[in-house]
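Here's the letter readout for the chains.
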Amino acid sequence: MSLSAGRAREGNHMEPGPGAEGNDPMTSAHGTETTAGPIPGNVAPEDTTATGERGANPEGMAAVTRRAREVLAPTNVITDRTRLRTYECDGLANYRVTPALVVLPETTEQLAAVVRACAEHLVPFVARGSGTGLSGGALPRADGVLVVTSRMRAIREIRRADQRAIVEPGVINLDVTKAATSSGYYYAPDPSSQQICSIGGNLAENSGGAHCLKYGFTTNHVVGAEFVTPAGDVVQLGGLATDAPGYDLLGVVVGSEGTLGVATSVTVRLVRQPEEVRTLLAGFASTDDAGGATSAIIGAGIVPAAIEMMDALAIEAAEAAVHCNYPDGAGAVLVIELDGASIEVEHEFREVERHCNEHGAFELRVATDATERALIWRGRKSAFAAVGRISPDYIVQDGVIPRTALPEVLRAIAELSSSSGVRVANVFHAGDGNLHPLVLFDDSVEGAGDAAEKVSGAILDLCISHGGSITGEHGVGIDKAAYMPKMFTDEDLDTMQLVRCAFDPNAIANPGKVFPTPRLCGEVPGRKKRAHPLVEAGLAEAF
Ligand SMILES: Cc1cc2nc3c(=O)[nH]c(=O)nc-3n(C[C@H](O)[C@H](O)[C@H](O)COP(=O)(O)OP(=O)(O)OC[C@H]3O[C@@H](n4cnc5c(N)ncnc54)[C@H](O)[C@@H]3O)c2cc1C
């Protein structure tokens, strides 16, 4: 669960600034955190079970450090403990581990050389982009190397005629759009962290965003990647052409959370800027009404660019933080954005207006210019951080449900909240059914953190029981690995392990993440004794 306890609230993360290391915005955000003492939920370096440690390998580590010093500039190899600690967590700051070594390669060759050395000496490595991840995916290893891509930030090519951009993995999401704007294009997947998160991190998490309802997630926009395998080989997956024969290995790699290797360049699809964008803010008495309007709009065959929902508590927080001036007394608001050809937008707008009215919208506001549009979005985009104004601590949960289940699940969350006395603010991608309940608590009150964790876990159970998933876009990382068996059978998990082992037989790429227990790779201890049925049948090989 995404426990943002006290000193490490999400608000910190939205403030890009000159980073202590490699101009990494998340590093600067966490720089102030590193002197803090242990906080509940910390994974201490010596806690070998939580992070899947394989045991100390000082000779291997020393050999990798020597190799890193041979191939990288001295400033790009960090071994000083104080500086290492600036990388001890990602956006999920209640898990912290100081890495043994941090490298900041500037080229694919440098990065591959370090990974090759890791493979040779069986030293684990973890890739890190901007460190904004909310599931602990970039949590380092005390016995391993953190490979940071923040010095690989070149936009190699904007290929207007191909509608493609080829960028290095450390490039910030929003910078792709900035580079393509003058050509009349933009990069569609827009996580709320788009001012600071990297394209490599987006690929690894299959990140979503407000406009993914119409345009699809990262997986629909990544068409190729240069990729360093855990053996240190550089391979090309996909490319400029629309299809390639053979297995869709690019599809396997997108969303693999750094467990299959490291992307060193990413080819993304660019989308034409629409002729018109219209942004609408609708105030409702309740989340039931707003959820009903969402289903009605999409059920009518309209796919807006975005439909985002905030409930009363989330609105209260946003008002306190950014004075977004949302409708007074609203139990919920919808931010709806339509884009496309003007004639189409006009038609859809009338339909959306009608559905909102039929579901009890008491106020409808349309942005008349860019400033009003920005103000409407500011309330929504600031919501995670804004919650820090109304609660000292909070958990950012991430789950997904079929959108038609929205009213029922939101009601159940409200019941959980009132029966437990734990406040829950809801702000989410309503069109996708991707919930982000923010579970509020005060860590200085004894038992409050545990109560919040319980509610947060119960919300995930609700998602699963309504046909949804334990994560919509923030990934599994270390945080939700224990939840995987709630969604998948042993056989499902073993099949995923076969894929992982095919890429990484030595289990050195981000081990301890995504899977509750490493299995099947022969040398890694696993809890399952019996061979996978595919292996027994001679149809697959366990390494
Ligand atoms: C305020 C806030 C709002 C957010 N809003 C959204 C949102 O709307 N939608 C959403 O999807 N997410 C959101 N996030 C989560 C986060 O920003 C995304 O998951 C993002 O894609 C992470 O990118 P990063 O560069 O920070 O990756 P990191 O946190 O550095 O790494 C994330 C994972 O990717 C792996 N990785 C990083 N680079 C590479 C690479 N080059 N090759 C292979 N693996 C790699 C890491 O090992 C790790 O497992 C939000 C986070 C914050 C703090």
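Since we're looking at a predicted model, the values are computed, not measured.

## Digging into the overall build of the chain
Along its length, the chain carries 19 helices and 21 strands. Residue burial in the chain is summarised as follows: out of 543 residues, 54% are buried. Contacts in the chain between residues at least 24 apart in sequence constitute 73% of all its contacts with a sequence separation of at least 6.

## Regarding the sheet that holds strand β5 (residues 145-148)
In spatial order, the strands read β2-β3-β5-β4; together these four strands make up an open sheet with mixed pairing. Looking at which strands have only one partner, the edges of the open sheet turn out to be β2 (77-78) and β4 (125-128).

## Some remarks on helix α16 (residues 448-465)
For α16, which comprises 18 residues, the first-to-last C-alpha distance of 26 Å matches the rise-based estimate of 26 Å (1.5 Å per residue) to within 8%. Of all the positions in α16, only Gly449, Ala452, Val455, Ser456, Ile459, Leu460, Leu462 and Cys463 are classed as buried. Within α16, the buried residues cover an arc of 155° as seen down the axis, which keeps them to one side. Looking at the buried residues of α16, the elements they touch are β17 (393-396), β18 (399-400), α15 (406-420), β19 (424-429) and β21 (437-441). Remark: Gly467 follows α16 within two positions and exhibits a positive phi of approximately 80°.

## With respect to the packing of α15 against α16
The geometry of a pair of packed helices is captured by two quantities: the angle between their axes and the separation between those axes. Following both chains from N to C, one finds α15 and α16 inclined at 160°, their axes separated by 11 Å at the closest point. The angle between α15 and α16 places the two elements in the roughly antiparallel class. Of the two elements, α15 crosses α16, and the hand of that crossing is right-handed. Contacts from Val409, Ala412, Ile413, Leu416, Ser417 and Ser420 of α15 reach α16 at Ala451, Val455, Ala458, Ile459 and Leu462. Among the residues forming the contact of α15 with α16, the class breakdown is nine nonpolar, two polar and no charged.

## Here's the deal with the sheet that holds strand β6 (residues 155-159)
Pairing is antiparallel in the open sheet, where five strands are placed in the order β6-β7-β11-β9-β10. Because the sheet does not close on itself, it has two edges, and the strands there are β6 and β10 (234-238). Averaged over all neighbouring strand pairs, the angle between strand axes comes to 10°, with direction disregarded. By the bridge criterion, four bridges tie β6 to strand β7 (residues 164-167) in an arrangement that is antiparallel. Looking at β7, one finds that Arg159 is bridged to Arg164.

## Some words on the site of the ligand
As a structural note, the neighbourhood of the ligand is formed by 39 residues, with Gly129, Gly137, Gly200, Gly201 and Gly258 the closest of them. Secondary-structure elements contributing two or more residues to the shell around the ligand are β4, α7 (199-205) and β11 (262-269). A total of five residues in the shell around the ligand trace back to one element, the largest contributor, which is α7. Of the residues assigned to the shell around the ligand, the class counts are twelve nonpolar, 21 polar and six charged. Taken domain by domain, the shell around the ligand gets at least three of its residues from each of domain 1 (2-148) and domain 2 (155-272).

What counts and how
- Residues numbered from 1 in each chain as written.
- Predicted model: local features only at pLDDT ≥ 70, side-chain atom pairs only at ≥ 80, totals over all residues.
- Helix = DSSP H or I, 4+ residues; strand = E, 2+ residues; numbered from the N terminus.
- Buried ≥ 20, exposed ≤ 12 C-beta atoms within 10 Å, placed from the backbone.
- Contact = placed C-beta atoms within 7 Å.
- Pairing = 2+ DSSP bridges.
- Expected span 1.5 Å × (residues − 1).
- Arc of directions from axis to C-beta.
- Axes fitted to C-alpha atoms, helices over the stretch in contact; angles between N-to-C directions.
- Parallel < 35°, antiparallel > 145°, perpendicular 65-115°, else oblique.
- Left-handed = near helix turned anticlockwise from the far one by under 90°.
- Nonpolar A, V, L, I, M, F, W, Y, C, P; charged D, E, K, R; others polar.
- Near = placed C-beta within 6 Å.
- Domains from an automatic or database assignment.

That is the geometry; function is a separate question.
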